[in-house]
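So the chains spell out like this:
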Number of protein chains: 2
Amino acid sequence: MIDYLRGVDNDVNIQFLTVPSKYGNNPVLERLKQSMKNLEIKYMFESKDEIQQFQIHAKIIICDESSIYLGSANFRDTSILYNLESGLVSNDEKLINEYVSIYDDIYSAI
Amino acid sequence: MIDYLRGVDNDVNIQFLTVPSKYGNNPVLERLKQSMKNLEIKYMFESKDEIQQFQIHAKIIICDESSIYLGSANFRDTSILYNLESGLVSNDEKLINEYVSIYDDIYSAI
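Here the structure is a predicted model, which means the values were calculated and not measured.

What counts and how
- Residues numbered from 1 in each chain as written.
- Chains lettered and ligands numbered in written order.
- Predicted model: local features only at pLDDT ≥ 70, side-chain atom pairs only at ≥ 80, totals over all residues.
- Heavy atoms only, no water.
- Helix = DSSP H or I, 4+ residues; strand = E, 2+ residues; numbered from the N terminus.
- Buried < 20%, exposed > 50% of the residue type's maximum accessible area, 1.4 Å probe, protein only.
- Contact = heavy atoms within 4.5 Å.
- Lys, Arg positive; Asp, Glu negative; His and termini not counted.
- Charge placed at Lys NZ, Arg CZ, Asp CG, Glu CD.
- Buried area = accessible area lost by both parts, 1.4 Å probe.
- Salt bridge = Lys/Arg side-chain N within 4 Å of Asp/Glu carboxyl O.
- Polar contact = N/O pair within 3.5 Å; in protein donor to acceptor, adjacent residues only side chain to side chain.
- Nonpolar A, V, L, I, M, F, W, Y, C, P; charged D, E, K, R; others polar.
- Pairing = 2+ DSSP bridges.
- Axes fitted to C-alpha atoms, helices over the stretch in contact; angles between N-to-C directions.
- Least-squares fit on C-alpha atoms with pLDDT ≥ 70 in both.
- Right-handed = clockwise from strand over helix to strand, strands pointing away.
- Core = buried A, V, L, I, M, F, W, Y, C linked by side-chain atoms within 4.5 Å.
- Expected span 1.5 Å × (residues − 1).
- Arc of directions from axis to C-beta.

J.: Tell me about the overall build of chain A, and name the residues and values.
T.: Check the secondary structure of chain A and you find four helices and seven strands. The order of α-helices and β-strands along chain A, N terminus first, is α-β-α-β-β-β-β-β-α-β-α. The principal-axis extent of the C-alpha atoms belonging to chain A is close to 40 × 35 × 30 Å. Counting all 110 residues of chain A, 36% fall into the buried class. For chain A, the share of sequence-separated contacts (at least 6 apart) that also reach a separation of at least 24 residues comes to 52%. Chain A carries 10 positive and 17 negative side-chain charges, and their two centres are separated by 9 Å.

This is the structure:
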């Protein structure tokens, strides 16, 4: 995922929504952000007594509101190289619009 | 998932493909199988020095080769009740046929 982000052109804006680990923000992503002005990262969390109450377990990539990836694979080596995963890429407008709408609601509220 | 399986009619055949935990076969599923003649369970694994080499991380439900669920959610409380998950249900023939074909290849080889 990091290598993929690194390869994205400067004029493509990227929004990245994830959760912090128990140690806080992701240090690799945070370093990457310093060298990429087109990368915005938001962390979603709700904690109670310093314990995180839920996980973002969704795995989605939406490009230009014209295609979407949806599936089981985490964006890391274990999933990409070793696990048996399932997923799809779709250009279905209705599907994309629904996910863009949910995503925008969540992202803009953080 | 267990409650859902319990509710399935006797004349509907169910194939369940999963991986063993490090303690072996899933005891809840195995007990359920004893009371459900229409439930078949297969475990997929490849071990080396007693260590499992990969995980089934795919989460798919296919019904009657006419609809498919595909997504990030594990079939357990944490995913269904607490996590932010992503997924879809589709009746797309091409998508279903591709997944049925991959699934059948794997399932019949075990």
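Right, picking up where we left off after that structure.
J.: Any details on the interface of chain A and chain B? Residues and values, ideally.
T.: Interfaces are often sized by the accessible area lost when the parts come together. Contact with chain A, which involves 24 residues of that partner, is made by 24 residues of chain B. Summing both sides of the interface, chain A and chain B together bury roughly 1800 Å²; the carbon and sulfur share of this comes to 63%. A per-residue breakdown of the area chain A buries against chain B is headed by His 57, Leu 84 and Ser 86 of chain A, which together make up 34% of the total. Taken together, the connections running from chain A to chain B amount to zero salt bridges. Counting the contacts that link chain A with chain B gives 16 residue pairs in polar contact (both at pLDDT 80 or more). Counting only elements with at least two residues in the side of chain A that touches chain B, the list comes to β6 (67-71), α3 (77-82), β7 (87-90) and α4 (93-109) of chain A. The dominant element in the side of chain A that touches chain B, judged by the number of residues it contributes, is α4 of chain A, at three residues. Tallied by class, the residues present in the side of chain A that touches chain B amount to 13 nonpolar, nine polar and two charged.

J.: Break down the sheet that holds strand β6 (residues 67-71) of chain B for me, with residues and values.
T.: All names here are of chain B. Ordered in space as β5-β6-β7, the three strands form an open sheet in which the pairing is antiparallel. Edge strands, defined here as strands with exactly one partner in the open sheet, are β5 (60-63) and β7 (87-90). The average angle at which neighbouring strand axes cross in this sheet is 10 degrees, direction not considered. Judged from the four bridges that link them, β5 and β6 form a sheet pairing that is antiparallel.

J.: An account of the sheet that holds β7 of chain A is requested, with residue identities and associated values reported.
T.: Sheet strands pair by backbone hydrogen bonding; their relative direction is either parallel or antiparallel. All names here are of chain A. Spatially, three strands are ordered β5-β6-β7 in an open sheet, and the strand pairing comes out antiparallel. Only two strands of the sheet have a single partner each, and these edge strands are β5 (60-63) and β7. The sheet shows a mean angle of 10 degrees between the axes of neighbouring strands, direction not considered. Sheet strands in contact with α4 are β5, β6 and β7, and its direction is about 75 degrees off that of β6.

J.: Give me the lowdown on the relation of the copies chain A and chain B, citing residues and values where you can.
T.: Screw-axis analysis of chain A against chain B gives a translation of 0.0 Å along the axis, an RMSD of 0.0 Å, and a rotation angle of 180 degrees. Overall, the copies show the geometry of a two-fold rotation axis. Most of the interface of chain A is mirrored in chain B, where 100% of its interface residues again form contacts.

J.: Let's hear about the pairing of strand β1 (residues 14-18) of chain A: which residues, and what values?
T.: All names here are of chain A. Burial of the side chains of β1 is restricted to one face: Ile 14, Phe 16 and Thr 18 are buried, whereas none of Gln 15 and Leu 17 on the reverse face is. As defined by bridge partners, β1 adjoins strand β2 (residues 39-43) across five bridges and the pair is classed as parallel. Considered in β2, the bridge of Leu 17 is made with Lys 42. Once the chain exits β1 it traverses helix α2 (residues 27-35) before rejoining the sheet at β2, and the crossover so formed is right-handed.

J.: Give me the nonpolar core: which residues, what numbers.
T.: Looking at soluble globular proteins, one finds that nonpolar side chains tend to be buried together. Counting residues in each nonpolar core, the largest one holds 14 residues, and the members touching the most others are Leu 95 of chain A together with Leu 95 of chain B. For this core, the secondary structure elements donating two or more residues are β6 and α4 of chain A together with β6 and α4 (93-108) of chain B. When neighbours within four sequence positions are excluded, Leu 95 of chain B is seen to be in contact with Leu 88 of chain A together with Ile 68, Leu 70 and Ser 90 of chain B.

J.: Quick one: what's the story with α4 of chain A, residue by residue and with numbers?
T.: In an α-helix there are 3.6 residues to a turn, and that puts residues three or four apart on one side. All names here are of chain A. With 17 residues, α4 extends 24 Å from end C-alpha to end C-alpha; this agrees with the ideal 24 Å at 1.5 Å per step. Within the span of α4, buried status applies to Leu 95, Ile 96, Tyr 99, Val 100, Ile 106 and Tyr 107. In an axial view of α4, the angular spread of the buried residues amounts to 140 degrees, which keeps them on one side of the axis. Facing away from the buried side of α4, by more than 90 degrees, are the exposed residues Glu 93, Lys 94, Asp 105, Ser 108 and Ala 109.

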